[in-house]
Structure formats: structure tokens, C-alpha cells
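Descriptive analysis of the structure
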Amino acid sequence: MSRDAAGLPGTVELASDPAELAARAAGWVLGYAATVIAEGRRFHIALAGGHTPAALYDVLASAPARKTTDWLRWEFWWGDERACPPDDAGSNYRLAHDRLLRHLPLDRLHIHRMRGESPDLAAAAGDYAAELASHLAAGPGSAPRLDLVLLGLGTNGHTASLFPGQKVLDVTDRWVAPARADYAPFERLTLTLPTLNAAAGIAFIVAGADKGPALREVAAGTAVAARVRPARGELRWFLDTAAATSMGGAPGG
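The paragraphs below set out a description of the structure included in this document. (Residues numbered from 1 in each chain as written. Predicted model: local features only at pLDDT ≥ 70, side-chain atom pairs only at ≥ 80, totals over all residues. Heavy atoms only, no water.)

**Things to note about the overall build of the protein**
Broken down by element type, the protein carries eight helices and nine strands. Taken against the 2.2 N^0.38 rule, which gives 18 Å for 253 residues, the C-alpha radius of gyration of the protein at 17 Å falls within 12% of a compact globule. Projecting the C-alpha coordinates of the protein onto the three principal axes gives extents of approximately 45 × 45 × 35 Å. Evaluated residue by residue, the protein yields a buried proportion of 54% over its 253 residues. Across the protein, every contact between residues at least 6 apart in sequence was considered, and the portion connecting residues at least 24 apart equals 74%. (Helix = DSSP H or I, 4+ residues; strand = E, 2+ residues; numbered from the N terminus. Rg over C-alpha atoms; globule rule 2.2 N^0.38 Å. Buried < 20%, exposed > 50% of the residue type's maximum accessible area, 1.4 Å probe, protein only. Contact = heavy atoms within 4.5 Å.)

Laid out in C-alpha cells, this is it:
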């Protein structure tokens, strides 16, 4: 599809329904990983929370996909986390663990979770930033350069835990920071915009008619998510038909 399909920045991939969306996104992620691994490197991916990414994790954890990549070459990070223990129902780590990680032949040292349960979120953010920097080369703006970041889109245009009107949006000198959501659980940790925009690849995965207004705001450049623009990398949107149509018409090829 064309660069300006649906008015969104980057490349748009359209699927007929959430199941096809998850399958298309999973295939693309596996291909992206294969390219990195073929270069003799480990594949560093930041995972997202939410229902739509969870469907992608189910596909990656399925028997066919499990056999198509060397999981020992993957390293898992998170784009954001809620201030809760890792076994809490709201934990992004728990979602990824239950739907993906526990099904895979992984090196557990390659799972880098955010410590959302920490009583000092500022210290936890600093520790996570240091861990990123110790494993990754510096990218644009000297931020650690992840190979791929998976992101969702909130109905208010937020992504990761970067919410409208919050001070964390103005952070330029930290790679990870405490954040505050506009719904419970309020306290969060998140990768900052400099870290997201230093990534080699970013994929938004968006499903549902309720995302239309937020997608229109992204296209207009007014949503928080519109500020996610890789400085030297690829930006891709995976949309189902309901999401694309609700923003004012499905993309055309």
C-alpha cells in the first residue's frame, strides 16, 4: 500500500478482521527477526500490552510459528508497564508471559521486564534505561536502538504509556521514565519518545471501529502517537478493516 494510505505516516497493512491482522503482523515480525538474525545479531524486540497485541502473541506461540525462528536469538523488552507485580492481571509482562513467552524455548536471561512493582519508579526507570544501554548500540540521539517496537493505540491517541498532556512527553534526556495514565492503574513506566524514535522499526497494531477517531488524529498529527516517527527506521501500521473504515474509509492500494 502507498505511503499515504489512510493518511497515516509510514506503510499501512490492511487485514479483513482481527484474526487476519494478527497473522499478518506475526508473519511480518518473524520476517523482520529473520533479517536481523541472518546478520549474526540477536533480535531485540519491545513488546506491548493490550488485547490486539495479545492476539499476535497467540500466533507467534502457535506450533507453526514456533518452528520458523531461532528463539534463542531473541531478546524481549517492554515498551511500558503498569505499577503492579508481574503476576498481577494488569501486568504487561504477565500478558506476554502467559500468551507467548512460556510457550517458547527461550533463554530466560533474554527476558528483560520492567520492574513495575518497584516502590521507586524513578529508580526502576533508571535501572531499565541502563539495562537497555548495556545491551544495545546507541541510535539516533544516542538512545539505545531496539530492532523493533510493537505498539498499540488508545482511543485517546496514546501509545505505550505516553498519555496526552503528561510531562513525560517532553522528556528528551532519559530513555525510560515514570508516567501517569488517565485511567487506572495510573502509575506506569514507559519508554520515552527519544527511545521509541531511535528504534530501527516500529509497528502499530490497531483493531476495532472505536480506534477511528484516534487514527484520524494521528493522520492529522495531533495525537500523541503521531509523535512516534523513527528517525532512521521503518514505521508500519497494521489495521483491520473496522479500524481503517472508521477513520473515514479503508486504505486503497
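**So, the nonpolar core**
Of all hydrophobic cores here, the largest spans 90 residues; its most connected members are Trp74, Phe76, Trp78, Leu150 and Trp237. With 10 residues, helix H1 (residues 18–38) is the single largest residue contributor to this core. Contacts of Phe76, omitting those with residues within four sequence positions, involve Ile45, Leu47, Trp71, Leu100, Leu101, Leu104, Leu106, His110, Ile111 and His112. (Core = buried A, V, L, I, M, F, W, Y, C linked by side-chain atoms within 4.5 Å.)

**Comments concerning unusual backbone geometry**
A cis amide bond links Ala184 to the next residue, Pro185, at an omega of -5 degrees. Following the sequence through the fold, Pro185 ends up in the loop between strand E6 (176–180) and strand E7 (187–191). At Ser142, a position not held by glycine, the phi torsion is positive, near 70 degrees. Here Ser142 lies in the loop between helix H5 (121–135) and strand E5 (148–151). Accessibility expressed as a relative area gives 51% for Ser142, which makes it exposed. The phi dihedral of Ala160 is positive, around 50 degrees, even though this residue is not glycine. Relative to the assigned elements, Ala160 resides in the loop between E5 and E6.

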